[in-house]
Amino acid sequence: MSVKRVGLPLMNVVKLRGTPILQQLLLEERLLRSSSANWCIVNDGTNRPNIVMGLSGKPCELVELEPVIRDRVPVMKRFTGGGTVIVDENTLFVSLICNRNDVPDVQPYPRSVMAWSGSLYSQVFNGIGDFQLRENDYVFGDRKFGGNAQSMTRNRWIHHTSFLWDYSESNMAYLKLPSRVPQYRLERDHTDFVCKMKDYIERAVFIEKTIKAVGTQFMLEELSLDEIDDSCREHIETTRLLTLDELKETLAKTTRSGSIAQAV
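Residues numbered from 1 in each chain as written. Predicted model: local features only at pLDDT ≥ 70, side-chain atom pairs only at ≥ 80, totals over all residues. Heavy atoms only, no water.

Moving on to the overall build of the protein. Helices and strands together make up the secondary structure of the protein, namely eight helices and 13 strands. Taken against the 2.2 N^0.38 rule, which gives 18 Å for 264 residues, the C-alpha radius of gyration of the protein at 19 Å falls within 12% of a compact globule. In terms of its C-alpha atoms, the protein occupies a principal-axis envelope of roughly 70 × 45 × 30 Å. Taking all 264 residues of the protein together, 48% fall into the buried category. For the protein, long-range pairs separated by at least 24 residues make up 80% of all intrachain contacts whose partners lie at least 6 apart in sequence. In the form shown here, the protein has an accessible surface area of approximately 13,400 Å², with 48% of it arising from carbon and sulfur atoms. The average position of the 33 basic charges and that of the 34 acidic charges among the side chains of the protein differ by 4 Å. (Helix = DSSP H or I, 4+ residues; strand = E, 2+ residues; numbered from the N terminus. Rg over C-alpha atoms; globule rule 2.2 N^0.38 Å. Buried < 20%, exposed > 50% of the residue type's maximum accessible area, 1.4 Å probe, protein only. Contact = heavy atoms within 4.5 Å. Areas by Shrake-Rupley, 256 points an atom, 1.4 Å probe, with all protein chains shown as cover. Lys, Arg positive; Asp, Glu negative; His and termini not counted. Charge placed at Lys NZ, Arg CZ, Asp CG, Glu CD.)

Here we take up the pattern of salt bridges. Considering all chains together, one arrives at nine salt bridges under this definition. Among the salt bridges present, the one from Asp137 reaches Lys144, with a minimum N-O distance of 3.5 Å. For the pair shown, Asp137 and Lys144 are each scored as buried. (Salt bridge = Lys/Arg side-chain N within 4 Å of Asp/Glu carboxyl O.)

The next subject is helix H7 (residues 203-214). Over its twelve residues, H7 runs 17 Å from end to end, which matches the ideal 16 Å to within 8%, given 1.5 Å per residue. Along H7, the residues classified as buried are Arg203, Phe206, Ile207, Thr210, Ile211, Ala213 and Val214. Viewed along the axis of H7, the buried residues span an arc of 160°, placing them on a single side of the element. Within H7, the exposed residues directed more than 90 degrees away from the buried face are Ala204, Glu208 and Lys212. For H7, the elements touching its buried residues are strand S2 (10-17), strand S3 (38-44), strand S7 (91-99), helix H4 (110-124), strand S11 (156-164) and strand S12 (219-223). (Expected span 1.5 Å × (residues − 1). Arc of directions from axis to C-beta.)

Here we come to the packing of H4 against H7. The geometry of H4 relative to H7 is characterised by a closest axis approach of 8 Å and an angle of 130° between their N-to-C directions. Put simply, H4 runs oblique to H7. Crossing handedness for the pair H4 and H7: right-handed. Here H4 contributes Leu120, Tyr121, Gln123 and Val124 to the contact with H7, which in turn contributes Phe206, Lys209, Thr210, Ala213 and Val214. Taken together, the residues of the contact of H4 with H7 break down into six nonpolar, two polar and one charged. (Axes fitted to C-alpha atoms, helices over the stretch in contact; angles between N-to-C directions. Parallel < 35°, antiparallel > 145°, perpendicular 65-115°, else oblique. Left-handed = near helix turned anticlockwise from the far one by under 90°. Nonpolar A, V, L, I, M, F, W, Y, C, P; charged D, E, K, R; others polar.)

Looking now at the packing of aromatic side chains. One pass over the structure, following the stated rule, counts 15 aromatic pairs. With 5.5 Å between their ring centres and 90° between their planes, Phe125 and Phe140 make a pair best called edge-to-face. Here Phe140 lies in strand S9 (residues 137-140) and Phe125 lies in the loop between H4 and strand S8 (131-134), a separation of 15 residues in the sequence. The class for Phe125 is buried, based on a relative accessible area of 2%. Each member of the aromatic cluster is reached from another via a ring pair, and the members are Tyr121, Phe125, Phe131, Tyr138, Phe140, Phe145, Phe163, Tyr200 and Phe206. Over the ring of Tyr167 we find Lys196, and its NZ or CZ is 5.1 Å from the ring centre. (Phe/Tyr/Trp six-rings, centres within 6.5 Å; stacked < 30°, edge-to-face > 60°. Lys NZ or Arg CZ within 6 Å of the ring centre and 35° of its normal.)

One pass over the full model with this rule turns up one cavity of 30 Å³ or more. The volume enclosed by the largest cavity comes to roughly 60 Å³. In terms of lining residues, the largest cavity is bounded by Ile86, Val87, Asp88, Thr91, Leu164, Asp166, Tyr167, Ser168, Asn171 and Met172. Within the residue set of the lining of the largest cavity, elements represented by two or more residues are strand S6 (85-87) and helix H5 (169-172). For the lining of the largest cavity, the class distribution of residues is five nonpolar, three polar and two charged. (1 Å grid on protein atoms, 1.4 Å probe; cavity = no way out; pocket = protein on both sides within 12 Å on 5 of 7 lines; lining within 4 Å. Points joined across faces, edges and corners; volume = space filled by probe spheres on them.)

Attention now goes to the nonpolar core. The biggest cluster of nonpolar side chains holds 35 residues, and the ones touching the most others in it are Tyr121, Phe125, Phe145, Phe163, Met197 and Phe206. Counting residues per element, the ones that place at least two in this core are S2, S3, S7, H4, S9, S11 and H7. When residues in this core are grouped by element, the largest group, six residues, is from H4. Excluding residues within four positions of it along the chain, Tyr121 makes contact with Val94, Phe131, Tyr138, Phe163, Phe206 and Thr210. (Core = buried A, V, L, I, M, F, W, Y, C linked by side-chain atoms within 4.5 Å.)

Have a look at this one:
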């Protein structure tokens, strides 16, 4: 695919299918920090359930450690901020990595980038459900189906989204209710707070319409994973998989703290 529009900046489009989320995040971090191009990364599902926390996330506050350890669910920290999600083959991922100068109307601040993305996805979901950008989430009505995270550098930024095409209630049980939640959540649990995108739009249609919407602002050039230049300069890598030992140690400390608190 090559869509040329005179006067628009170039964006490389990489379409993935079932790529492990850790591999995707490491790729995105490298492209943000080491590439000078604009990128749209679309991953149609990941290979298995994974828990992904924001850069400052603490497993003891966000994850039900005992069942996660028992079931060997991978837990990782990504290089962006934002909340904690559990993703699987029914999660769709769209990541936009942009040069600041190529989107001059967007200031390199979360609120400005969120507003720009909300306008972009308004094209995708035009006439579908009651699509809105509420706080930092994409929702139909008052139920979330898309969670966002961002990172800003001096001249570039990334905005990436995990879309709930479908979800397993048993997987949601691995997550704790975070202490900080959107105001519109109103203390609802996970299953009352989120909805399934499959009830509103076909999977392939969503991907097609998303790329078409991006193409209204960029010239698009599709690349395969193998065509991405590996000769990028060195960079600090903050995305990482937490080890099982780390999770066990965190659980042990949490258990000891709980026992001490009860004794007092």
